[in-house]
Amino acid sequence: MKLDTPKKLACPELLDLAGGRPALLGSRCRACGEVYFPASHGCTRCCTTDMESYRVGSEGKLWSWTIQGFQPKAPYNGGESEADFKPYGVGYVEMPSGVKVESRLTVADPALLAIGMPMILTLQAYRQVPGEEPVYTYAFAPA
């Protein structure tokens, strides 16, 4: 997704919007190379705290998925009523570094999702309150 204008983001610290295309931001251990998303202050693999910011990327493969068929409980704040809730896809996307990212999916039709399929990062409105600007979050779409 090419971004024309900045969006109101739910978690701006998780995204790099430079270059007009979103990418996930995490961290990487300088000692052993382990990658984390979201960013971590310490490495669970080698126990160091020598971490650096790391661009996790914007493409991966669908590792697992399900359809969220009912409105989640708090702290979910999608802005819709229970009657207005629309099911959405949720999955884990394996990034080239090997880290698996839990994410919303832009597709909620099981016939259009398959484990191993290529996915690409995009932004998706998830909270819309009448009279307010929508709040966007990251999501993955079939590539």
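Described below are features of the structure shown in this document. This is a predicted model, so every value here is computed, not measured.

**Digging into the side chain of Gln 68**
Among the structural elements, Gln 68 can be located in strand β6 (residues 59-68). For Gln 68, a relative accessible area of 18% corresponds to the buried category.

**Some thoughts on the side chain of Ser 58**
Relative to the helices and strands, Ser 58 resides in the loop between β5 (51-57) and β6. Once residues lying within four places of it in the same chain are set aside, the contact partners of Ser 58 are Arg 21, Pro 22, Ala 23, Met 95, Met 119, Ile 120, Leu 121 and Phe 140.

**Details of the environment of Thr 49**
Tracing the chain through its elements places Thr 49 in the loop between β4 (35-36) and β5. Expressed as a C-alpha distance, the spacing of Thr 49 and Ala 31, which sit 18 residues apart in the sequence, is 9.1 Å. In this structure, Thr 49 is in contact with His 41 and Gly 42, ignoring residues within four places of it in sequence.

**Looking at unusual backbone geometry**
With an omega of -5°, the peptide bond running from Phe 37 to Pro 38 counts as cis. With respect to the helices, strands and loops of the structure, Pro 38 is situated in the loop between β4 and β5. The phi torsion at Cys 47 lies on the positive side, around 70°, for a residue other than glycine. Considering the arrangement of structural elements, one finds Cys 47 in the loop between β4 and β5.

**Some thoughts on the nonpolar core**
Formed by 22 residues in total, the largest nonpolar core has its most connected members in Leu 24, Phe 37, Val 101, Tyr 138 and Phe 140. Within the residue set of this core, elements represented by two or more residues are β8 (100-105), β9 (118-127) and β10 (135-142). Apart from the residues lying within four places of it in its own chain, the contact partners of Val 101 are Leu 24, Phe 37, Gly 91, Tyr 92, Val 93, Met 95, Tyr 138 and Phe 140.

What counts and what doesn't
Residues numbered from 1 in each chain as written. Predicted model: local features only at pLDDT ≥ 70, side-chain atom pairs only at ≥ 80, totals over all residues. Heavy atoms only, no water. Helix = DSSP H or I, 4+ residues; strand = E, 2+ residues; numbered from the N terminus. Buried < 20%, exposed > 50% of the residue type's maximum accessible area, 1.4 Å probe, protein only. Contact = heavy atoms within 4.5 Å. Core = buried A, V, L, I, M, F, W, Y, C linked by side-chain atoms within 4.5 Å.

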